[in-house]
Amino acid sequence: MYNYLIVGSGLYGAVMAQQLHAAGKKVLVIDKRPNIAGNVYTENVEGIQVHKYGAHIFHTNDKKVWDYLQAFTVFNRFTNSPVANYKGELYSLPFNMYTFNKMWGVVTPEEAAAKIAEQRKEIAGVPRNLEEQAISLVGRDIFEKLIKGYTEKQWGRDCKDLPAFIIRRLPVRYTFDNNYFNALYQGIPIGGYTKMVAKMLEGVEVRLNEDYLADKVAWDALAEKVIYTGPIDAYFNYKLGYLEYRSVRFETELLDMPNYQGNAAVNYTDRETPWTRIIEHKWFEFGKDEAGNDLPRTVISREYSSEWKPGDEPYYPVNDERNSTLYASYKALADKEEKVIFGGRLGEYKYYDMDQVIAAALERVEGLE
């Protein structure tokens, strides 16, 4: 018998396991994948920590979360400064004075603000869709070159067919600050996220390649309580219908060159380029291995956004009216499961940044100890 069975070894499950183990509880963690760490899993390829399930850049203003993680890792000083490639034109992100200078040749913040204000006038009434919402925030030029194509690839729909609420605001900076995350604390765990999660799980029994839903009754019998971090609709065998997600497909290559694009992230914002962005993983750790040596080769990943279908990896919940209503019905069923706690991005059908996942787990575990 265990006090807790934790299904999933991603951040939510790992934090819960660490906290409960530290409180003297007997914990078993299982995961259907062959590795720990869920979607933050990093794999060492010739000294490069490859973010196998997409780029994960830690950032937070939550000092409690930041202080908590210091026991398990040391963060480097990586700052996310992505580049946008529009048909060979390169722009700085987020939108800042470098962007505006390249776009219009303006030099001062006053000139840039005037240009945006002039273009925003195109939308007079309440924006009816994402296209109108974006133009009402940043104007036609930035929308056409840096938002439209990328967004349509992300969602698989024309911007005129997407609801305005998807873009509530767009970061516009009248400074030369190209730090994408305006957060007090940010960086990448030195040695990768897998190393950090392994440290969290020290002393905890972990079993990999185990499918909880394939033999739920037997697994449930092992523990007093279950913490479930998988898809909530899968737990109930999709009996009310499928919740929708956007998924991502990756094409990853090891290249025999030291530098492919000179930046960790380059977004391709035209509609014609099939991928949304290319990640060059070595630049998350400044192109060096843990000993500080320059790495002679590089690994890139092209990302392709796609509609989710059963069997695909679910990434981004589609929190529209239909899916929100369906989730509420599943949540009502989950609330009746006295032995099971549903948590994390999939268990709560909610987009979480990493720090939010950790904060939610720390808050939830307080009532369990």
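Per chain, the residues get numbers from 1 upward, laid out in the order the sequence is written. In keeping with the model being predicted, local features are shown solely for residues with a pLDDT of at least 70 and side-chain atom pairs are shown and tallied solely at 80 or more, while totals for entire chains, interfaces and linings include all residues. To obtain the side-chain values, all non-hydrogen atoms of the structure were included, while hydrogens and water were left out.

A word on the overall build of the protein chain
Next, step 1: Helix numbering and strand numbering both begin at the N terminus, where a helix is a DSSP run of H or I of at least 4 residues and a strand a DSSP run of E of at least 2. Scanning the protein chain from terminus to terminus reveals 12 helices and 16 strands.
Next, step 2: Our radius of gyration is a C-alpha quantity, and the globule rule it is checked against amounts to 2.2 Å times the number of residues to the power 0.38. A compact globule built from 369 residues would reach a C-alpha radius of gyration of about 21 Å, and the protein chain, at 22 Å, matches this within 12%.
Next, step 3: The buried share of the protein chain, taken over its 369 residues, is 53%.
Next, step 4: Contacts are assigned to residue pairs that have any heavy atoms within 4.5 Å of one another. Put simply, of all contacts in the protein chain between residues at least 6 apart along the chain, 73% involve residues at least 24 apart.
Next, step 5: Summed over its atoms, the accessible surface of the protein chain is roughly 17300 Å², and 49% of this surface lies on carbon and sulfur atoms.
Next, step 6: Charge-centre separation for the protein chain: the mean point of 45 positive side chains lies 1 Å from the mean point of 52 negative side chains. The buried label goes to any residue with under 20% of its type's maximum accessible area, the exposed label to any with over 50%, and the partly exposed label to all in between, with areas taken from a 1.4 Å probe on protein chains only. Computed with the Shrake-Rupley method and a 1.4 Å probe, the accessible areas treat only the protein chains shown as cover for residues. His is not counted, nor are the chain ends; Lys and Arg add positive charge and Asp and Glu add negative charge. For this purpose, a charge sits on NZ of Lys, CZ of Arg, CG of Asp or CD of Glu.

With respect to the sheet that holds strand β9 (residues 205-208)
Next, step 1: At least two DSSP bridges between two strands are needed for those strands to be called paired. A sheet is described by the order of its strands in space; here 5 strands give the open sequence β9-β2-β1-β10-β16, paired in parallel fashion. The open sheet is flanked by β9 and β16 (340-342), the only strands paired with a single partner. For this sheet, the mean angle separating the axes of adjacent strands, direction not counted, is 20°.
Next, step 2: In this sheet, strand β10 (residues 223-228) lies alongside strand β1 (residues 2-7) in parallel orientation, the contact comprising 5 bridges. Its bridge partner lying in β10, Y4 is registered against K225.
Next, step 3: Each of β1, β2 (27-31) and β10 is contacted by helix α1 (residues 11-22), which is oriented at about 165° to β1, the strand it contacts most. The axes used here are C-alpha line fits, helices contributing only the stretch in contact, and every angle between their N-to-C directions lies in the interval 0 to 180 degrees.

Things to note about the packing of aromatic side chains
Next, step 1: Stacked, edge-to-face and tilted are the three classes for Phe, Tyr and Trp ring pairs, Trp counted by its six-membered ring, which pair at centre distances within 6.5 Å; planes under 30 degrees apart are stacked, over 60 edge-to-face, the rest tilted. Scanning the model with the defined rule gives 27 aromatic pairs in all.
Next, step 2: A centroid spacing of 5.9 Å and a plane angle of 15° characterise the contact between F100 and W104, whose relative ring orientation is stacked. Residue F100 and its partner W104 are located together in helix α3 (residues 97-104), separated by 4 residues, close to a single helical turn.
Next, step 3: Taking the relative accessible area as the measure of exposure, F100 reaches 0% and is therefore buried.
Next, step 4: Only lysine NZ and arginine CZ atoms are considered, and such an atom sits over a ring when it is within 6 Å of the ring centre and within 35 degrees of the ring normal. Its guanidinium or amino end placed over the ring of Y235, K216 lies 4.2 Å from that ring's centre, counting from NZ or CZ.

Considerations on the packing of α3 against helix α6 (residues 140-155)
Next, step 1: At their nearest, the axes of α3 and α6 sit 11 Å apart, and the two run at 100° to each other. The angle between α3 and α6 places the two elements in the roughly perpendicular class. Across from T99, F100, M103 and W104 in α3, the residues of α6 making contact are D141, I142, K145 and L146.
Next, step 2: Ten residue types, Ala, Val, Leu, Ile, Met, Phe, Trp, Tyr, Cys and Pro, are classed as nonpolar, four, Asp, Glu, Lys and Arg, as charged, and the remainder, Gly among them, as polar. Of the residues contributing to the contact of α3 with α6, the split by class is 5 nonpolar, 1 polar and 2 charged. Oblique is the label for any angle not under 35 degrees, not over 145, and not in the 65 to 115 range, which are roughly parallel, roughly antiparallel and roughly perpendicular in turn.

Considering unusual backbone geometry
Next, step 1: In this structure, the amide linkage connecting L93 to the following residue, P94, adopts the cis form with an omega of -5°.
Next, step 2: Here P94 is to be found in the loop between β7 (89-92) and α3.
Next, step 3: Of note in this structure, Y238 is not a glycine but carries a positive phi near 55°.
Next, step 4: Along the polypeptide, Y238 turns up in the loop between α9 (232-235) and β11 (245-255).
Next, step 5: Judged by its relative accessible area of 27%, Y238 is partly exposed.
Next, step 6: A positive phi angle, close to 45°, is found at Y349, a residue other than glycine.

Digging into the pairing of β10
Next, step 1: As paired elements, β10 and β16 share 3 bridges and run parallel to each other. Within β16, the residue paired with V226 across the bridge is V340.

What to know about the sheet that holds strand β15 (residues 316-317)
Next, step 1: On the basis of which strands lie adjacent, the open sheet formed by 7 strands has the order β7-β6-β12-β13-β14-β11-β15 and mixed pairing. Of all the strands in the sheet, just β7 and β15 have a single pairing partner and so form its edges.

With respect to the nonpolar core
Next, step 1: Residues belong to one nonpolar core when they are buried, are Ala, Val, Leu, Ile, Met, Phe, Trp, Tyr or Cys, and are joined through side-chain atoms within 4.5 Å. Membership of the largest hydrophobic core comes to 52 residues, with the highest contact counts inside it found for F58, L69, V197, I227 and I358.
Next, step 2: Residue assignment for this core shows that the elements contributing at least two residues are β1, α1, β2, α2 (63-69), α7 (193-200) and α12 (354-366).
Next, step 3: Residues within four places of F58 in sequence aside, it is in contact with V65, W66, L69, F75, Y185, Q186, G187, Y193, M354, D355 and I358.
Next, step 4: Counting 26 residues, the second-largest nonpolar core is a separate cluster that includes V7, A223, Y330 and V340.

Examining the packing of α1 against α7
Next, step 1: In contact at an axis separation of 9 Å, α1 and α7 are set at 30° when each is read in the N-to-C sense. By the angle between their directions, the pair α1 and α7 is classed as roughly parallel. Along its contact with α1, which presents L11, A14, V15 and Q18, the element α7 presents M196, V197 and M200.
Next, step 2: Partitioning the contact of α1 with α7 into residue classes produces 6 nonpolar, 1 polar and no charged.

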